[in-house]
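Below are the chains, spelled out letter by letter.
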Amino acid sequence: MASILRLENINYSYIDGGYERVILEDLSFEFEEGKFYTVLGPSGSGKTTLLSIISGLDTAKSGEIYFKGKNVVRELGLHKYRRNAISIVFQSYNLISYLTAVENVLLAMSETDNKLPKDRKNVAYNLLRRFGIVKTKADRIVTQLSGGEQQRVAIARALASNVDLIFADEPTGNLDTATEKEIIAIFNELSHEFGKTIIVVTHSDTVSAMSDERVLLRGGKLHTIATVADKGF
Ligand SMILES: Nc1ncnc2c1ncn2[C@@H]1O[C@H](COP(=O)(O)OP(=O)(O)O)[C@@H](O)[C@H]1O
Ligand SMILES: [Mg+2]
């Protein structure tokens, strides 16, 4: 399968109380197109830091990131990478609290150079409806929706800019188990039916069990967790 995101020798550290604390150390990894990945690792291992770097919100001290073979900094540019290549789903949704659900989705559509359908409002309502947000809910101020509904809006927003790569940081951390399963079913569908690459940081075994590939962040590096299938059983 084709590579969508390649990380090469990523290094990152924080200065903490005068000491350098290494978080990512010569981290190299390749994510393939159309797969649903989960990234696991103990609290404080650097998962959020890694997502910030691979989504271009922060920059590594050294190392390279390639999106579809192009260097993100030198060839694409970080600004274009963020606008046109990726979307992020957060644990706390990060929706614009004074806008309606559909306005949140429309805003995301205005923040990309990607080619989008002309009839944006219709597309936004349809996208929301696909994830269970009917018109009456789409027209509500987002904070009046439940947590699960807000996360569905955030997923619709992530898709609205027509990107191929979606990151999520503990997206079900605030949701009950039943809602968590529904959200993960959406991620599965996005990767398997629509070819999106999904990279989800999670603590949840339920979530990781439903993903195609589980990756562990430990000792500053990513390690593929062997599955039964890999061993040929
Ligand atoms: N801005 C920062 N300055 C200093 N240390 C930080 C900063 N952000 C995170 N850290 C530290 O880096 C480590 C990794 O953090 P984080 O990436 O949030 O881990 P995770 O998401 O896996 O829980 C933690 O020890 C955290 O305290
Ligand atoms: Mg975190």
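Look up a bit, the structure's there.
This one's a predicted model, so the numbers in the text were calculated from it and none came from an experiment.

1. Looking at the pairing of strand β10 (residues 221–224)
With four bridges joining them, strand β9 (residues 213–218) and β10 adopt antiparallel strand pairing. Within the sheet, the bridge partner assigned to V215 lies in β10 and is T224. If you look at the hairpin formed by β9 and β10, you'll find two residues sitting between the two strands, and G219 has a positive phi there, around 60 degrees.

2. Details of the packing of aromatic side chains
What the rule picks out here adds up to five aromatic pairs. Geometrically, the ring pair formed by Y12 and Y14 is edge-to-face, given 5.1 Å between the ring centres and 80 degrees between the ring planes. Taking relative accessible area as the criterion, Y12 reaches 6% and is therefore assigned buried. Consider the rings of F36 and F187, whose centres lie 6.1 Å apart with planes at 45 degrees: the pair is tilted.

3. Brief notes about the packing of helix α7 (residues 147–160) against helix α8 (residues 177–194)
Running from N to C, α7 and α8 cross one another at 15 degrees; their axes reach a closest spacing of 10 Å. The pairing of α7 with α8 is recorded here as roughly parallel in orientation. α8 is crossed by α7, and the crossing has right-handed handedness. Side by side, α7 and α8 meet where G148, Q151, R152, I155 and L159 of the first sit next to T179, E182, I183, I186, F187 and L190 of the second. Looking at the contact of α7 with α8 residue by residue, the class counts come to six nonpolar, three polar and two charged.

4. Regarding α7
Look at α7: 20 Å from first C-alpha to last across 14 residues, which is about the 20 Å you get at 1.5 Å a residue. Among the 14 residues of α7, 13 are classified as buried, and the element is accordingly described as predominantly covered. A positive backbone phi angle near 60 degrees is found at N162, which sits one or two residues after α7.

5. Some details on the sheet that holds strand β3 (residues 36–40)
One open sheet holds the six strands; their spatial order is β6-β7-β8-β3-β9-β10, and the pairing between them is mixed. Every other strand in the sheet has two partners, leaving β6 (86–89) and β10 as the edge strands with one partner each. Ignoring which end each strand starts from, the neighbouring axes of this sheet average 20 degrees apart. As paired strands, β6 and strand β7 (residues 165–169) are joined by four bridges and run parallel to one another. Residue pairing in the sheet places I88 in a bridge with F167 of β7.

6. Section: the nonpolar core
If you look at soluble globular proteins, the nonpolar side chains tend to sit buried side by side. In terms of nonpolar packing, the biggest core is built from 38 residues, with L128, F131, V153, I155, F187 and L190 touching the most fellow members. Of all the elements in the fold, those that place two or more residues in this core are α4 (101–110), α5 (120–130), α7, β7, α8 and β8 (197–201). Here this core gets seven residues from one element, more than from any other, and that element is α7. Among all residues touching V153, those that are not within four sequence positions of it are L95, A101, V105, L128, I133, V142 and L145. Among the nonpolar cores identified, the runner-up in size contains 30 residues, and I4, L5, Y37 and I54 belong to it.

7. Comments concerning the site of ligand 1
All residues adjacent to ligand 1 are Y14, R21, I23, P42, S43, G44, S45, G46, K47, T48 and T49. Separating a nitrogen atom of ligand 1 from a side-chain N or O atom of Y14 is a distance of 3.2 Å. The side chain of R21 places a nitrogen or oxygen atom 2.4 Å from an oxygen atom of ligand 1. With the chains in place, 60% of the 560 Å² that ligand 1 exposes on its own is no longer accessible. Of all the elements in the fold, those that place two or more residues in the shell around ligand 1 are β2 (19–32) and α1 (47–54). When its residues are assigned to classes, the shell around ligand 1 shows three nonpolar, six polar and two charged.

Thresholds, definitions, all that
Residues numbered from 1 in each chain as written. Chains lettered and ligands numbered in written order. Predicted model: local features only at pLDDT ≥ 70, side-chain atom pairs only at ≥ 80, totals over all residues. Heavy atoms only, no water. Pairing = 2+ DSSP bridges. Helix = DSSP H or I, 4+ residues; strand = E, 2+ residues; numbered from the N terminus. Phe/Tyr/Trp six-rings, centres within 6.5 Å; stacked < 30°, edge-to-face > 60°. Buried < 20%, exposed > 50% of the residue type's maximum accessible area, 1.4 Å probe, protein only. Axes fitted to C-alpha atoms, helices over the stretch in contact; angles between N-to-C directions. Parallel < 35°, antiparallel > 145°, perpendicular 65-115°, else oblique. Left-handed = near helix turned anticlockwise from the far one by under 90°. Contact = heavy atoms within 4.5 Å. Nonpolar A, V, L, I, M, F, W, Y, C, P; charged D, E, K, R; others polar. Expected span 1.5 Å × (residues − 1). Core = buried A, V, L, I, M, F, W, Y, C linked by side-chain atoms within 4.5 Å. Near = heavy atom within 4 Å. Polar contact = N/O pair within 3.5 Å; in protein donor to acceptor, adjacent residues only side chain to side chain. Areas by Shrake-Rupley, 256 points an atom, 1.4 Å probe, with all protein chains shown as cover.

By themselves, these observations are geometric and do not establish any function.
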